[in-house]
Amino acid sequence: MAERGPDLRSGGEPEGAVEIHERQEAVGRDLRTEEMVFNMGPQHPATHGVLRVAVRTDGEHVRALQPHVGNIHRCAEKIGESLPYYQWIPYLDRMDYLAAICNEHVGCMAIERLGGIEVPERAEYIRVIVAEVQRILSHLMAIGVYGLDLGAFTPFLHQFRERERGMDLLDHISGGRLLYHYIRIGGVKRDLSQDWLDELDAWTSEVERRMPEYNTLLLHNRVFQERTFRVGIIDRDTGVRWGVTGPGLRAAGVDWDCRRDAPYSIYDRFDFEVPYGASDIGGVLGDCFQRHWIRVREIEESLKIIRQAREQMPEGPVMGRVPKGFKPPAGEVYIRGENPRGELACYMVSAGKSDKAWRARCRGPSFSNIACITEIAEGQLIADLVAIIGSLDIVLGEVDR
Amino acid sequence: MPDDAQPGEVLLDPELQQSVILTKVQWVKDWGRRNALWPMAFGLACCAMEMMATAATKYDLDRFGAGVFRASPRQSDLMIVAGTLSHKMAPRLKRLWEQMPDPKYVIAMGACVIGGGPYSRYGYHVVQGVDLIVPVDVYLPGCPPRPEALIDAIRKLQFRIQERTGESLATIEAKTGRKGAGAARAS
Amino acid sequence: MSSLAALPELSELIPDLLFFIFAGVAIVAAMAAAVAPKIVHAAFGLMATFFMVAALYAMLGADFVALAQVIVYVGGILVLLVFGVLLTARTEIKLGVERGSTKTFAVLAGGLLFLVLLLAIGGTTFPTPEKPAEPEPTTADIGRAFLDPDGMLIPFELASVLLLAALVGAAYLARRRRSDA
Amino acid sequence: MSESTDTPAAPPADPVTERALAVLQAAIPDGVVAYELTGGHPWIQVRAEDLRAACWLLRDHADTKLDCCHLISGVDWPDAGEGGELEVVYHLCSFELKPEPGYGQRALKNDPWVALKVRVPRDPGEVPTVMDIWTGADWHERETWDLVGVRFTGRRELRRILLPDDWPGHPLRKDWEYPASYHGVPIIPPEGY
Amino acid sequence: MSLLLVITLQHYLVVAAALFCAGLIAVLSRRNAVAILIGIELMLNAANVNLVAFDHYNRLPGAINGQIFALFVLAIAAAEAAVALALILNVFDSRDRIDVDQIDTLKG
Amino acid sequence: MQSLLDQLIESTSWLQGLPVGLVYAAGMVIACNLVLVYASALAGETVWLERRVSGRMQARIGPNRVGPQGLLQFLADGLKLLGKEDIVPKTADKPIFLIAPIIVFVGAFAAFAVVPFGHYLVAADMNVGIFLVLSLTSIEVVGIIMAGWASNSKWAILGAMREVAQMVSYELPLGLAALSIVVLAGTMNLSEIVYQQEGWFWNWYVFRGPFAFVAFFAFFVSALAALKRAPFDLPEAESELVAGFHTEYTGFRFAVFFLAEYAAMILFSMVTAILFLGGWSPGFDIDLSGPLSRWIGALILFGKTIALLFVMIWVRWTLPRFRIDRVMYLCYKVLLPVSVVCVVGMAIQVLLAMTVFGGRANAFGTWLMGGG
């Protein structure tokens, strides 16, 4: 092993240099220390996967940065064009592997709309229930991993206790722990049993009981607050301009949630609040703390939705009529749904000739969310950069698709 | 265990086999190696979540001494390639693997890294198996494999280290000239 | 340490040996610090010198001074120096090589001075007492001397004022100049 | 989808798209090439040279205020026109304008977004950039260039984003061929897989 | 203590002289300001060795003036290093170099 | 040490035939090795303790397969690290890269020489004990900056810079908090300080007045920071700097860093126990100076050390990491003023005890003025 590079994750690659924003050229004489170019990632504990961020720093301060994505580009759109519609659903699962059900939900809705397939009432309720369970799981993960990014290991492992139980719940109905392929075109794979629903109730109350514990460890922790207050502020203008959606946008004070304001599926039948950023929560509008706070609040709201859906759920079949050799007519469809990370949108074009889509396009919310760090992380400390990337809660599978 | 070699037959020097003391020393060394497999904190995609779950509360990889996830490849012994390996990532993976000190082990976790998995047919950007890039010691199928399976893979690797005197696949390949000689397959 | 006085001959050699080790390493490290081509190596040579000098102090019975040497020189000044080196490392390439003539002159001057000093030391008879002072705890004595109004109180206070002035001055000089100010 | 409650015979027009169309037709009457106001996916198609004007208008006009570029998609139509066409679809939405009460319950259960389309010949496939209008369009444009090969003009740098810089071709073109290998690593699965 | 009979004051003085000369060489030959500072520290150390050695070999009972002087030198060295480094950083900041040959104007 | 050896020579016949100096030298070497082995093994077991305790705190189990209850885990880790390939990066500054871990190791382990494990159970009973501990631990900074610089890696150098800034700053409150106990005790000899705290637990220095009480916390927090333990673990913050200054170190050299870190933890826990918590004094009036009972004292000190180690682990696995500016804020605007007040207040307390409360004449005066 004679040949060993000098430093681990940097150098050697031609695209390693940071592109500099035009206005940063005039940094001038303020630089007193040596400027260094870091390559955070693609294997770096804080980049949540294989994101690579080239950072130009001045001491501890970030001068400029450029995220490089595509390290797990898995060609989901090409596969969507190459496979029949129903075979594409598992690939949607793998896009945002922390919110597989939500992805399936949106993808199936798009295909159903394209082919005019109706979904039974009970299946819609089941979809909402499992999607909200998935949202809680995803947010639990986001909260825990955010603690990990900030150096608090324990909340991360504690949340896994609840997360494992929730994953078991979905495992029971689908046979997979992480990726489910439970929601199918025209309905869901199988009905929920009474035992499962009882188990769901036990789990929801357990989550409700544990949330204050996590909040003590993170949300109300002085050190945590000092790390997140006034850090990585995404204000309304920046967020909208960059196309940030989900908790990131709501933390900026935008009172918008697809589930309530543009309801898909049957979300208009439930009564829930949409938490959004305000200056009296702590920190300032749109900072890392508020993003975290919104995730915590959304878990509570999801619990509400689950309970309501559980009460209202009618009896009936769970699978609609899907024609054999499903061939939708020519046309397009654009569906967006509220994923844990933001708005997932599916744009499908059918040429009407085959059982394969002509174009299957997905908007991963993380893709737009992570793009904005070039702007918001400038001038922050390196430690803050970690806090910002963590608070955006990206999943690289969805960024790269 | 694979069928191609009796433990200690091809892979040990005959001289080494005869020397009892050396064998004992080797046993102690291997005992250390197998009980302190520090994985690199290196996840690619979905399987990385299951890898985290394996290290976390319910499954607790740390019981086997394999729970010290090191961020630096210089300090890790085991690379769990968890997730889909893309062509863009492949050179970096190779580089990270090269930065690990010997003896080093690789577990290919998940269908994608074993042979491209679901992306094999149409996924133009997915490498058809991580063994095209680095030698793999244990293959762990599944999409994604369950945490129990990962624990099993690590146990398999531990047995393999003890039986094969700690040599990683890279060394064995160089010695025997056979590619893929002695790779194990977990459940 | 009282019973050490009764040691037989064998152990008498140990301090001598130690002295020559410490002194030798100190001188070699000092020369390395003076001529090492890399400034960082020079700084680490300096560190070795500091340690060895501290050891010499300890041999001279000045334990407090020895530890002060370690804590101030190694823990403070040296770290400052290395920090300065790291912050100005960009210039290292330009400054690594000195002009040959300057170097020769410097070594000549240094060697000459050393010869002169050697001659002076060899030619002088120092009034050495029969027995050097017994090594005893010096901390209390030093403290008393520092706070004795008839002794070192005023210089001590002046030194503290000096340190304060240096602190303020250094902070002022090294402050970040705002380019927009 | 539970659309069974109301499936009218004549589908109503999408109000947001209708408004956007009115705004566009008032300002750049020649710009709008075609439009579709009903159905599951209403859209407006503009000429490529009027795209930027249309986007500025839709973003800033008080009636539309489409302040967010939600998604940019490129679609390859190799059989359309002469030598094929590339279609770029901009899905725009607004966080400024709240949907009217009951918007969600309207017959067309849909979101308040507007689809703006532009079609250009496949070669050279040049479309003016909208990156300065919506900053977030930056990465979407880069991705569309990367995968579909739409050349966005007038922007800072149009580099690949997902694929490596030296990747051959644009994979989502319908006539793209799988290369045999990339840097010595095979891309096509081994025989008999 | 009878252990130091072989080692006399002169031994220490020679060590101090050597250290001083090393410092002198550094000061004379180097052009990097930090390296010159290193030389100065060496010279100060040499002085300190002398002070402590004289204190040890010629001490009146109860008086440890040599050690106290050494401590003063220590304090002054610390102050000097801090100010000098601040100056060097300042010069580096404005000139982008710490080469003493080229810092010949007082005006920054 | 001296007296122990004297006793040994008196009681053993064949030793009397040898030159005393030789016996002393051999005794010193053996004692040093014993201390080294003891401290290393303890450091190794502290790693195990940390992993088990953190496991329990995280609803996990922690290592339990290697040896009984996983007690041999550290042995496996150590053996493995010894057998790893030793990589020196091509662009590294080789000599400095190789020396750096040794300096860190020396800085952490040498200070054990003056730490008394029990009555007379001390390798070198120095009069400037606590001063030596502080000055030797400051050597560690140099080793770390060498490691960071020589690695020629950006993460390493950034970690080293953080470490230097943090360590140099926190030495001030650390030293001052220790100084307030020195004012009270009137000595820097660690054994002497423990003798003064023998008897009932209210004699422990932590309970002697408000300033000592505050100084205890100032000392412990500063020690946490100087040890770069979470929440002050910025120099090796995994999520920020990969592994900080030892990013490029492999195998044995990394193990040395690792061991030195845990040894320093034990050292500071022990010193805290000695300075503030009565050392080997069990908290009630009992004589532990006998040849056998001094080992009981050693066990008691060991227990106190473990308790403090547990607190360190507890803190680490509970709190998120500070940011560098908050770390500096905490040092210069909180701990430094507090510790200065402690020193001054302690001086006033001792003065008051001497003048107003009658000094040694009554029990309260004695309690208030310590040994000073």
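Residues numbered from 1 in each chain as written. Chains lettered and ligands numbered in written order. Predicted model: local features only at pLDDT ≥ 70, side-chain atom pairs only at ≥ 80, totals over all residues. Heavy atoms only, no water.

Would you take a moment to explain the packing of aromatic side chains for this structure?
Aromatic rings considered in pairs are described by the distance between their centres and by the relative angle of their planes. Under the criterion given, the structure shown has 45 aromatic pairs over all chains. Judged by centre distance (6.4 Å) and plane angle (20°), the rings of phenylalanine 216 of chain F and phenylalanine 220 of chain F are stacked. With phenylalanine 216 of chain F and phenylalanine 220 of chain F both in helix α9 (residues 209–226), this residue pair falls four residues apart, about one helical turn. Members of the aromatic cluster, each reached through a chain of ring pairs, are Phe213, Phe216, Phe217, Phe219, Phe220, Phe268 and Phe276 of chain F. One cation-aromatic arrangement involves arginine 259 of chain A over tyrosine 267 of chain A; the distance from NZ or CZ to the ring centre is 5.9 Å. Sitting above the plane of the tryptophan 38 of chain B ring, lysine 80 of chain F keeps its charged end 3.7 Å from the centroid. (Phe/Tyr/Trp six-rings, centres within 6.5 Å; stacked < 30°, edge-to-face > 60°. Helix = DSSP H or I, 4+ residues; strand = E, 2+ residues; numbered from the N terminus. Lys NZ or Arg CZ within 6 Å of the ring centre and 35° of its normal.)

Got a minute to help me understand the sheet that holds strand β7 (residues 342–350) of chain A in this structure?
Hydrogen bonds between backbone atoms are what pair the strands of a sheet, whose relative direction is either parallel or antiparallel. Residue and element names in this part refer to chain A. Within the open sheet, the three strands sit side by side as β6-β7-β8. Their pairing is antiparallel. Looking at which strands have only one partner, the edges of the open sheet turn out to be β6 (331–339) and β8 (359–363). Taking the axes of each pair of neighbouring strands and ignoring which way they run, one obtains an average angle of 10° across the sheet. As defined by bridge partners, β7 adjoins β8 across five bridges and the pair is classed as antiparallel. Paired with methionine 348 across the strands is alanine 360, a residue of β8. In the packing of helix α3 (residues 100–115) onto the sheet, the strands contacted are β6 and β7, and the crossing angle to β6 comes to about 155°. (Pairing = 2+ DSSP bridges. Axes fitted to C-alpha atoms, helices over the stretch in contact; angles between N-to-C directions. Contact = heavy atoms within 4.5 Å.)

Could you clarify how one ought to interpret the pairing of strand β1 (residues 78–82) of chain B in this entry?
On any regular strand, side chains alternate: one points to one face of the sheet, the next to the other face. All names here are of chain B. Within β1, five of the five residues are buried, which leaves it mostly tucked inside the rest of the structure. Burial along β1 is two-sided: the residues Leu78, Ile80 and Ala82 and Met79 and Val81 are all buried. Relative to strand β2 (residues 105–109), β1 is paired through five bridges, and the arrangement is parallel. The partner of leucine 78 across the bridge, within β2, is tyrosine 105. (Buried < 20%, exposed > 50% of the residue type's maximum accessible area, 1.4 Å probe, protein only.)

How should I be thinking about helix α11 (residues 251–276) of chain F in this particular structure?
Residues spaced three or four apart along an α-helix face the same direction, because each turn holds 3.6 residues. All names here are of chain F. The end-to-end C-alpha distance of α11, which contains 26 residues, comes to 37 Å, matching closely the 38 Å that a straight helix rising 1.5 Å per residue would cover. Among the 26 residues in α11, 23 count as buried, and that is most of the element. Where α11 terminates, the next one or two residues include glycine 278, which has phi positive at roughly 80°. (Expected span 1.5 Å × (residues − 1).)

How should unusual backbone geometry be read in this particular structure?
With an omega of -15°, the peptide bond running from cysteine 143 of chain B to proline 144 of chain B counts as cis. Along the chain, proline 144 of chain B turns up in the loop between β3 (138–140) and α6 (147–163). With an omega of 10°, the peptide bond between aspartate 123 of chain D and proline 124 of chain D qualifies as cis. Examined against the element boundaries, proline 124 of chain D turns out to sit in the loop between β5 (113–121) and β6 (126–128). Despite not being glycine, arginine 230 of chain A shows a phi value in the positive range, around 60°. On the secondary structure map, arginine 230 of chain A appears in the loop between α7 (222–228) and α8 (236–242). A positive phi angle, close to 50°, is found at aspartate 393 of chain A, a residue other than glycine. Considering the arrangement of structural elements, one finds aspartate 393 of chain A in the loop between α14 (382–392) and α15 (396–400). Here aspartate 393 of chain A falls in the buried class, since its relative accessible area comes to 5%.

Such coordinate-based values are descriptive only and should not be taken to indicate function.
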